[in-house]
Structures are given as C-alpha cells and as structure tokens.
Amino acid sequence: MSFGHRHLLGIEQLSREDILTILNLAGTFKEISERRIKKVPTLRGRTVVNLFMEPSTRTRVSFEIAEKRLSADGVNISISTSAVVKGETLLDTARNLQAMNPDAVVIRHSAAGSPHFLARNIAASVINAGDGSHEHPTQALLDCMTIREHKSEFEGLKVAIVGDISHSRVARSDILALSKLGAKVAVAGPATMLQPGLETLGCTTHTQLDSAVEGADVVMMLRIQKERLGGESLFANSREYARTFGLNRKRLDLLKPDAIVMHPGPINRGVEMQPEVADGKQSVILEQVANGVAVRMAVLYLLAGESEGA
Amino acid sequence: MDLLIANARLFDPENNLDQVGDLLVSNGRIAAVGSGLAAGNGVRRIDASGKLVLPGLIDLHVHLREPGQEYKETIATGTAAAAAGGFVTVACMPNTEPPNDCKAVTELILNRAKEANASRVVPIGTMTKGRAGKTLSEMGEMAEFGVKAVSDDGDSVADSGLMRHVLEYAKTFGLVAVQHCEDKALAKGAPMHEGINSARAGLAGQPAAAEASILARDLLLVALTGARYHAAHVSTAESVELIRGAKAKGLPVTAEATIQHLTFTDEACLTYDTKTKVNPPFRTEADRAALREAVADGTIDAIVTDHAPHSRIEKDLEYDYAAFGIMGLETALPLGLALVRDGVFDLGTLIRAWTSRPAAAFGLDWRGLVEGAPADLVVVDEKRTWTVEPKNLRSKASNTPLLGQDVTGRALLTLVDGRPVHDEVDGTGSGGRTGTVGAN
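Per chain, residues are indexed from 1 in the order of the written sequence. Ligands are numbered from 1 and chains lettered from A, in the order in which they are written. pLDDT decides what is reported in this predicted model: residues at 70 or higher carry local features, side-chain atom pairs at 80 or more are listed and counted, and totals for whole chains, interfaces and linings draw on all residues regardless. Calculation of side-chain values draws on the structure's entire complement of heavy atoms; hydrogens and water are dropped beforehand.

Counting secondary structure elements, chain A contains eleven helices and nine strands. Its C-alpha radius of gyration of 19 Å places chain A within 12% of the 19 Å reference for a compact globule of 310 residues. If you line up chain A on its principal axes, its C-alpha atoms span 55 × 45 × 35 Å. Partly exposed describes any residue whose relative accessible area lies between the buried limit of under 20% and the exposed limit of over 50%, with all areas from a 1.4 Å probe on protein chains only and scaled to the type maximum. The burial tally for chain A puts 58% of its 310 residues in the buried class. Residues count as neighbours in contact if any of their non-hydrogen atoms are within 4.5 Å of one another. Taking the intrachain contacts of chain A between residues at least 6 apart in sequence as the baseline, contacts between residues at least 24 apart amount to 74%. Secondary structure elements are defined from DSSP: runs of H or I of at least 4 residues count as helices, runs of E of at least 2 residues count as strands, and each element is numbered from the N terminus. Note that the radius of gyration is over C-alpha atoms, with the globule rule given as 2.2 Å times the number of residues to the power 0.38.

Spelled out as structure tokens, the structure:
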C-alpha cells in the first residue's frame, strides 16, 4: 500500500488513487468496530494529539474512538480561540506540542490554512479536522465511503449538495473528492451562499433547488451554520429557507428512486431537512457517522502507523 | 566631497538623456554631465562601466512606523532601507501612533528624518483628526511644515459629505488628497481577493468592486470640487478604467500602483503564507495585466512600494489573523528591472514612474540629471544578484514573499544632495551591510 503523504491537509493534495487507498483501508477497519472486542494493537505506543481550537463534538469523538480502537494514546486539547481573544499563538502551541513529540496532531481551527501553518512548524503528521471555510477532508472521505457502499460506481454519479456552500468546508472537500472520483456534482443555494469561483472546484452551481436535485443519485443537505455567518444576512428566515431550499418528502420525488440522502450533522430539523426525510428509508445519515470512525482509523494508520518507527 | 561617476550609462528619460558618459558632482549639485570629464584633486572617482545612473527614485507610499510602532521600523531604519533601495525621497503615510494629524507630529517626523540623515522624507498628513473619519485635520498648519498630501491611509473616508469637505479643504492649502479606496462594508476585512482562488483557499474575499466603488464616488466629488486627487495603490482593472476615464475628462487626478501588484497575483495566497497578505489584496491575472498596461500607457503615474514593515508578532499567525502588508523598499528595484527584462514595459516608462512623474503628482521640486540640479541620483548594478534575507536588509522587517529568494539588480550608490546615503561601491557584492549609511 503506497500513500506518499506526511499530512492530510485537504482533499486538494490527494489523487484519485490516494482517496481509493483510504476508502479501501477504511473498509477493512470498519469490521473492527463491529467486533465484540473493538480494539487492535496497530498504533500501540503512538501519541495522537486532538487539538480542537473550535467547538466540535462529533468529529472530536469520532477521532477519539478511532484512536482508541487502534490503541493509540489520544490526548485532547481544547482551546477556544479568536482574532479578538488572543492567548498563546498557534506557532507557540505548535512548538510546545512538538516538544512532547507526538506522532500526529489532529487540528480543528476556525481559520483556513491553519493546518498548513501547523504542518510547516511541526515534525508530527498533521490531520485537518476542519479549517474555517476551507476543507474537512475526513468528512469528505466518510461521505465517499458511504456513497460507495450504496452505489457501485462514482463515475457519472449525480450528486447534489445544498446549502451555504460559501461557508462550508464540508462542501468544498466533498466537491473536490467527488469530482476526482468522477461524479458530477451540482451545488445549490441562494446566491448569497454561492461565492464566485465555486465552479473551478469541479461543480455546477444552481439557485433553484429543483434543478440541482432532479435525477440525483445522492443529495447532501448542509446545516445552515449560523455561527459562521458573522452577523451577515444571507437569507430572510428559517421558514422561507425551509420552503425554498429545504428537503421535504415532496421534493424526494425529483430524485432517482434509489437515491440516498445525506447530512454531515448536526441537523436543524425542519430547516434544511424535514424530520420525515431525515428519518426516512433513503437517509444514510447514521451510516455516515459509523463510517467516520473507519475512515479516521484508516487515515491515522496511514499517517501515524506505517513505515516510520514500525 | 566631490565625486566623478565615470563611464556609466546615464539615463533620465524625462530629460531625454541616455548616453554612456561621466557625471560630476560638486557641492551637492550635478556640476557636469558629459564625456571625458576629469577628476580633479580630492575628487572621488568611481568607475561605473556597465552600471546605470538614474535620477534618485521617489516613492510616494511608505510606512515608516514612527512614532508609535518603532519595534516594526523607525524613521532611521526605514530611510536607510530607502537609500539602499535607490530611493532619495519617500512619502510616509500618517497611520502612526499618534497619527500625523497636526504639526507637532509632522515636526517630529521631519526632525527624526533629519537626524537619520538618509533619504528625504515627505510626510503625508491625515485627512481627518485621528484618522477617525469625523472631522477635518489641521491641514493648514501641516502644509506650512512641509506636508504635501493628506490621506487617512487604510481607512477611506466613508462619509461622502465629509469627503467632499476633505477635498475642498485640501484644495485650500494646495494639498493632494490621497485615497486608499476600500468600501469596508463590502471588503469586510477579508484577507484576499474574492474570486476563483479565494474559493479554492476557503478564505473570505474582497470583491474588486470594494475598491472601484469608493474610487467612482471620489471621482464624482473631484469633478464637483476641482481638488487634486491621487488614487493610492490601484489594484483592479475597473479602477484603471475609472482613472483613464477621469483623465480623459481632464480631471486633476493621478494614480499609483505598487510594484508587488504589478508582479504577483492572488495565486500567491494559496500557500497561506502571510507574507502574501496585503491590502488591497493581490488580484487576478487580468487585473495585473490591466495595471501593467496602465503603467505602459501612462494612466498610472507612479509606481510605489507601500513599504509596510511588520514584525513576526503580526505575521507568524493564521492567515486570517495576520496583519496586511509587506516591506518593499529594498526589493522594488530588482522587481522593476525584472518587469523591464520581461518586456512588460520599457526602462524609460519604469524610471519616469519612479522619478519625474511621482514628483509631479505631489508637486515636489524635481530636475533630474541636468547640470545645476541637486545631485539626487542612484548608481545601479543591473546584473548583481543577491539574496533577500535579513542580513542583506536594512529595514527592521523581512516580511516579503521574496524572503530567501535571489533577485537581480541593486543600488550601489545613492546620493541625496550629493551626499552618499547608501554606498557599497567598494563592497564585496554579496549584500547590503557593506556601505556606510549617512556618511558625509
């Protein structure tokens, strides 16, 4: 198995083969989570720091569980940071972490490019767990893994991503990953949420939900992330958003009959997705969560486990 | 000390001078321009074969950081950097602490510049008190003390009614109003240009319209008031079109572009290297092409550095949190010469945009390489390659995207009123520490 990367900073740096390598490995790791004794000694003696500089529950827990199942020693650091409240600089944090010689650092940060900054200043492998509005590569990988479990081929698959694309690191990473795998990605949202230049990532843009989801094999609804809007007015209110860009049972008829419905969570029920859709039989939202652990195990194994010091 | 510069290419496009010859400096003035000039007793003779002699360069847009931010740069280090870059005159922006909004600060800046004894400093005053955009600054008194232009620097005057009065009041005292055009409500402090590359980087972007919208408003107010207006660091194709249109209408408008906006595009930001974070941000290929064309056809009057020294405290940060700005006085000349080598525009265009035309824009006395003129000149080695690294820089800062790279072209000797403010004629050729700053 060849994986020529020291860090996972984004999907942008990965080739199609790199993505498939991770997905294949994740497929074998998934079985561990289904055993009664959900632990293998693969990363015994390796230290992984989970550096979360922005609030997160599910991604942090998913990484923690992945680390535990591989027997790595995971350490959590939560630092709330902002441009206004200045504590220790990221550079100093990086140097302090390096002094303790971890094998990998998983970083979540509100500023785009922070994992890249960390990677330039630390010897450990850096795994991006979400940087600002930029990328969230492990989310895209778990999305791809989930899609592959339901659809045999990525080639020609129609995928719609709906919501605040401008501010979504999930959308950015998903567009990059799915287009590299050969899927056709359409993104939709009000024009206030579709920044100029998105097409160059590998997607078409739509201000009508119906035109994006029509005939889709996969529909991914994004959470309307109020916390990232910085007080900007991007839509009138939740009611109108639900009506114009929310996924309801009626709109499901526009999708292919065997289409799957996804969401990176947490869901705003009744806003971007009606409860009967979220809980319906086309929903694979909880499979995404399960696959998150497997994908993160695969990434940790490739970056912190193989060759070096083995 | 008298000085004979022999066998140089003497180049002053404004005075139609381009010949290999000699130039004699005596008593601070250019005593003779010709060939076969003899060096009398006690005259220092410099063999400048293969070197270029230019009128001293003028930079209308620098930040010297003093008073208030001496840890980034001082007037002494900033003017030493200017001298090393071939600049004889720099106009310094008023975003100091306190801002240069009254004669006391102006006087302090000029006194420090005199003590530094390097390149000349032309202070730019603020448009409004405290750069707060509320009330007019003491333009009358600042003008008496040597201020030639006013600007609120990084903060465009947002209030259109106040901006009208700024223009009228500046006109009263013969001052040029210099605007950094940025609609803050539209730009939102975003760290880069809005476009394809901001979409890729996941960074917020400032749309090009944030610059042009303020410029368009200002040009209407210039038409209303007849005041002298200078657009700072124009960066977009739309802005270039607006300036071109205003000039065609005969409005009293001039404009500048930075050497880095003529060199880089927003692709540079994809590395998240904070040494690419500037305001206005690096724009697209098309914008850069429009700027280059505007320099070539004269729509842009002046090339500037917007020398913005920062310490590592402001730059060793996440891209979003790092300060805007890069230093540039010492790297401008090699970047400019590279554009000429690449055929972007000719040497005459570059040098006019660095000498006679900025002088005209700010109403500075200027004569060039002619007999009887003050000996403000620079001897340039166009072929000398050097590495951009702290030991070769006189600025306190090293926040440049060129850090660690080799560049070609360097000032060997800079004279202000015949006084060598930078002198590495006899240096080893590797860097900038060999000269004697402020020697007389």
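Turning our attention to the interface of chain A and chain B. With 27 residues of chain A at the contact, the number on the chain B side is 20 residues. When chain A packs against chain B, the two sides together hide about 1800 Å² of surface, and 57% of this comes from carbon and sulfur. For any pair of parts, buried area is found by adding up, for both, the accessible area (1.4 Å probe) each one loses once the two are put together. It is Ala 112, Phe 117 and Pro 196 of chain A in chain A that bury the most area against chain B; as a group they hold 21% of the surface buried on that side. Whenever Lys or Arg places a side-chain nitrogen within 4 Å of a carboxyl oxygen from Asp or Glu, that contact is recorded as a salt bridge. In this structure, the connection of chain A to chain B is made through one salt bridge. When the shortest N-O distance is used, the salt bridge between Glu 12 of chain A and Arg 200 of chain B registers 3.2 Å. Polar contact is defined as a pair of N or O atoms within 3.5 Å, subject to the rule that within protein one atom must be able to donate a hydrogen and the other to accept it, and that residues adjacent in sequence are counted only when both atoms are side-chain atoms. At the surface where chain A touches chain B, the tally comes to eight residue pairs in polar contact (both at pLDDT 80 or more). Of all the secondary-structure elements, those providing two or more residues to the side of chain A that touches chain B are helix H3 (90-99) and helix H4 (114-120) of chain A. The biggest single contributor to the side of chain A that touches chain B is H4 of chain A, with four residues. Among the residues making up the side of chain A that touches chain B, the classes are represented as nine nonpolar, 13 polar and five charged. Here the term charged refers only to Asp, Glu, Lys and Arg, the term nonpolar to Ala, Val, Leu, Ile, Met, Phe, Trp, Tyr, Cys and Pro, and the term polar to all other amino acids, Gly among them.

This part covers the packing of helix H1 (residues 16-33) of chain A against helix H11 (residues 285-305) of chain A. Residues and elements named next belong to chain A. Across the interface, H1 lies against H11 with an axial gap of 8 Å and an inter-helix angle of 115°. Here H1 runs over H11; the crossing is right-handed. Taking contact as the criterion, the partners of Ile 22, Leu 25, Ala 26, Phe 29, Lys 30, Ile 32 and Ser 33 in H1 are, on H11, Asn 291, Val 293, Ala 294, Val 295, Met 297, Ala 298, Val 299, Tyr 301 and Leu 302. Whenever a helix is involved, its axis is fitted only over the stretch in contact; in every case the axis is a line through C-alpha atoms, and angles between N-to-C directions fall within 0 to 180 degrees. Each helix crossing is assigned a hand: it is left-handed if the near helix lies turned anticlockwise from the far helix by less than a right angle, otherwise right-handed if that turn is clockwise.

With that out of the way, let us pick up the domain arrangement of chain B. All names here are of chain B. Reported domain spans reflect what an automatic or database domain assignment gives. What the domain assignment reports for chain B is domain 1 (3-53 + 371-383 + 407-436) and domain 2 (56-362). Here domain 1 packs against domain 2, burying approximately 1700 Å² in sum over the two surfaces, 63% of which is carbon and sulfur. Linking domain 1 with domain 2 are three salt bridges, by the criterion used here. The shortest N-O distance in the salt bridge between Asp 376 and Arg 120 comes to 2.9 Å. Joining domain 1 to domain 2, the criterion identifies seven residue pairs in polar contact (both at pLDDT 80 or more). Looking at the side of domain 1 that touches domain 2, the elements that each hand over two or more residues are strand S1 (3-12), strand S16 (377-387), strand S17 (406-416) and strand S18 (419-423). The greatest single-element share of the side of domain 1 that touches domain 2, amounting to eight residues, is contributed by S17. Here the side of domain 1 that touches domain 2 is built from residues that sort into eleven nonpolar, four polar and seven charged.

Take the buried residues of types Ala, Val, Leu, Ile, Met, Phe, Trp, Tyr and Cys, join any two whose side-chain atoms come within 4.5 Å, and each joined set is a nonpolar core. Ranked by size, the top nonpolar core spans 80 residues in total, and within it Tyr 229, Ile 303 and Trp 354 of chain B carry the most contacts. When residues of this core are assigned to domains, at least three map to each of domain 1 (3-53 + 371-383 + 407-436) and domain 2 (56-362) of chain B.

Before going further, it helps to examine the sheet that holds strand S4 (residues 125-131) of chain A. Residues and elements named next belong to chain A. A pair of strands is considered paired only if DSSP assigns at least 2 bridges between the two. Across the sheet, four strands lie side by side as S2-S1-S3-S4; this open sheet has parallel pairing. The sheet is open, and its two borders are formed by strand S2 (73-78) and S4, each paired with just one other strand. Strand-to-strand, the axes of this sheet are offset by a mean angle of 15°, without reference to chain direction. Alignment of strand S1 (residues 47-52) against strand S3 (residues 104-109), held across five bridges, turns out to be parallel. Within S3, the residue paired with Phe 52 across the bridge is Arg 108.

For the rest of this paragraph, the subject is the side chain of Asn 197 of chain B. Residue and element names in this part refer to chain B. Structurally, the position occupied by Asn 197 is in helix H6 (residues 196-201). Exposure remark for Asn 197: the relative accessible area of 8% places this residue in the buried category. In contact with Asn 197, other than residues within four places in its own chain, are Met 192, Asp 266, Glu 267 and Leu 270.

Next up on the list: the sheet that holds strand S6 (residues 57-62) of chain B. Residues and elements named next belong to chain B. Ordered by their spatial adjacency, eight strands build an open sheet running S6-S7-S8-S9-S10-S13-S14-S15, and the pairing between neighbours is parallel. Two strands lie at the open edges of the sheet, namely S6 and strand S15 (302-304), each paired on one side alone. Pairing analysis gives three bridges linking strand S14 (residues 253-258) to S15, with the strands arranged parallel. Bridge pairing links Thr 258 to Val 304 in S15.

Cysteine sulfur atoms are paired as a disulfide whenever they fall within 2.5 Å. This model, assessed by the stated rule, comprises zero disulfides over all chains. Unpaired in this structure, Cys 92 of chain B has its nearest cysteine sulfur neighbour in Cys 102 of chain B, at a distance of 14 Å.

Once that is clear, we can look at the pattern of salt bridges. Within this structure, the stated rule accounts for 36 salt bridges over all chains. Across the pair Asp 217 of chain A and Lys 256 of chain A runs a salt bridge whose closest N-O atoms are separated by 3.0 Å. Placement of Asp 217 of chain A in the loop between helix H7 (209-213) and strand S8 (218-221) and of Lys 256 of chain A in the loop between helix H9 (249-252) and strand S9 (260-262) is noted, with a sequence separation of 39 residues between them. Of the residues examined, Lys 256 of chain A reaches a relative accessible area of 34% and is grouped as partly exposed. Three or more residues are tied together by salt bridges with common partners; here these are Arg 131, Asp 155, Glu 182 and Lys 184 of chain B.

Residue and element names in this part refer to chain A. With respect to burial, S1 is a largely interior element, five of its six residues being buried. Two strands pair when backbone bridges link them, and S1 and S2 are joined in this way by six bridges, in the parallel orientation. Bridging across to S2, Val 49 finds its partner in Val 75. Each parallel crossover has a hand, and the one from S1 via helix H2 (residues 58-69) to S2 is right-handed. The path from the first strand over the helix to the second decides the hand: if it runs clockwise while the strands point away from the viewer, the crossover is right-handed.

Let's shift gears to helix H4 (residues 160-172) of chain B. All names here are of chain B. The length a helix should cover is 1.5 Å for every residue beyond the first. The terminal C-alpha atoms of H4, which comprises 13 residues, lie 19 Å apart, in line with the 18 Å expected from a rise of 1.5 Å per residue. The set of residues buried in H4 consists of Leu 162, Met 163, Val 166, Leu 167 and Ala 170. Considered in projection along H4, the buried side chains sweep an arc of 145° and stay on one side of the axis. Elements in contact with the buried residues of H4: helix H3 (139-144), strand S9 (149-150), strand S10 (176-179), helix H7 (209-225) and strand S13 (229-231). Phi turns positive one or two residues past the end of H4, at Gly 174, with a value near 70°. Arc definition: directions from the helix axis to the C-beta atoms.

With that out of the way, let us pick up the packing of aromatic side chains. Classification of ring pairs uses Phe, Tyr and Trp, with its six-membered ring standing for Trp, and accepts pairs whose centres are within 6.5 Å; under 30 degrees between planes counts as stacked, over 60 as edge-to-face, and the remaining range as tilted. Across all of its chains, the model carries seven aromatic pairs over all chains by this definition. Plain terms: the ring middles of Phe 29 of chain A and Tyr 301 of chain A are 5.7 Å apart, the flat faces sit at 65° to each other, and that makes the pair edge-to-face. Taken together, the residues span a long stretch of sequence, with Phe 29 of chain A in helix H1 and Tyr 301 of chain A in helix H11 at a distance of 272 residues. Consider the ring centre and the ring normal. A charge sits over the ring if Lys NZ or Arg CZ is within 6 Å of that centre and within 35 degrees of that normal. Sitting above the plane of the Phe 324 of chain B ring, Lys 277 of chain B keeps its charged end 4.7 Å from the centroid. A cation over a ring is seen here: Arg 410 of chain B above Trp 386 of chain B, with NZ or CZ 4.4 Å from the ring centre.

This next bit is on the side chain of Lys 72 of chain B. Residue and element names in this part refer to chain B. Note on placement: Lys 72 falls in the loop between S6 and helix H1 (75-84). On the basis of relative accessible area, Lys 72 is assigned to the buried category, the value being 5%. The residues contacting Lys 72, other than those within four sequence positions of it, are Arg 65, Pro 309, His 310, Ser 311, Glu 314, Lys 396 and Ala 397.

Let us now look at unusual backbone geometry. Among all residues except glycine, the phi angle is most often negative; among peptide bonds, the trans geometry is most common. Geometrically, the link from Gly 265 of chain A to Pro 266 of chain A is a cis peptide bond, its omega value of -10° lying close to zero. Relative to the helices and strands, Pro 266 of chain A resides in the loop between S9 and helix H10 (275-278). With an omega of 0°, the peptide bond between Glu 97 of chain B and Pro 98 of chain B qualifies as cis. Even without being glycine, Arg 65 of chain B reaches a positive phi, approximately 70°. Counting through the fold element by element, Arg 65 of chain B comes out in the loop between S6 and H1. Residue classification places Arg 65 of chain B among the buried positions, given a relative accessible area of 6%. With a phi close to 60°, Tyr 272 of chain B is a non-glycine residue in the positive phi region. Mapped onto the fold, Tyr 272 of chain B is located in the loop between S14 and helix H9 (285-296).

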